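Residue strings, one per chain:
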Amino acid sequence: MSYDEGNIFARILRGEVPCKKIFENKEALAFHDAYPQAPVHALVIPKAAYQNVYEFYQNATPEQLKGFSEAIVNVIDLLGLKEYGYRMITNHGLYGGQEVPHFHVHLLGGKPLGRMVTVRD
Ligand code: AMP
């Protein structure tokens, strides 16, 4: 399936939809999740059009990988997540529960988050 230019994160990147920006560099943008699932819930996205983590790691340039990693570290620092820890998640595809088809990493924290995953039938 090809990249959907109409997905909500593509629209945020084009400036068509606002976001609560945390950090930006040449390769990545970080903003607060609109429907936070923890006291701190940030999203970090590459500016380039990758649908999921697999496509990103398979195709990203060294500059894109570096810029994305730097964005994650900056968000961890800016939101004060390092001292008590946090959870970093990426969902891929149907079974992963991915809703937005533009690669993104969730950073969650601000309270103890409990066990990692509960899989229900
Ligand atoms: P995922 O299920 O991994 O694809 O996560 C998509 C995330 O995007 C969810 O946590 C949503 O709450 C979040 N989200 C959807 N629309 C927006 C938006 N306009 N601004 C910020 N976060 C959003």
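Refer to the preceding data block for the structure.
A few words now on the pairing of strand 2 (residues 28-32). Here is the key point about a regular strand: its side chains alternate between the two faces of the sheet. Burial analysis of strand 2 places four of its five residues in the buried class, which makes it a mostly covered element. Bridging between strand 1 (residues 21-24) and strand 2 involves three bridges; their strand directions are antiparallel. Bridge assignment links Lys21 to a residue of strand 2, and that residue is Phe31. What sits between strand 1 and strand 2 in their antiparallel hairpin is a turn of three residues. As paired strands, strand 2 and strand 3 (residues 40-46) are joined by five bridges and run antiparallel to one another. Its bridge partner being in strand 3, His32 is matched across the sheet by Ala42.

With that out of the way, let us pick up helix 3 (residues 62-78). Under the 1.5 Å per step criterion, the end-to-end length of helix 3 is 24 Å for 17 residues, consistent within 8% with the ideal 24 Å. Residues of helix 3 that are buried include every one of Gln64, Gly67, Phe68, Ala71, Ile72, Val75 and Ile76, and no others. Contacts from the buried residues of helix 3 go to strand 1, strand 2, strand 3, helix 2 (53-59), strand 4 (87-89) and strand 5 (105-109). Once helix 3 ends, the next one or two residues include Gly80, with phi positive near 65°.

Each value, and the rule that gives it
Residues numbered from 1 in each chain as written. Predicted model: local features only at pLDDT ≥ 70, side-chain atom pairs only at ≥ 80, totals over all residues. Heavy atoms only, no water. Buried < 20%, exposed > 50% of the residue type's maximum accessible area, 1.4 Å probe, protein only. Helix = DSSP H or I, 4+ residues; strand = E, 2+ residues; numbered from the N terminus. Pairing = 2+ DSSP bridges. Expected span 1.5 Å × (residues − 1). Contact = heavy atoms within 4.5 Å.

Just geometry here; none of it tells us what the structure is for.
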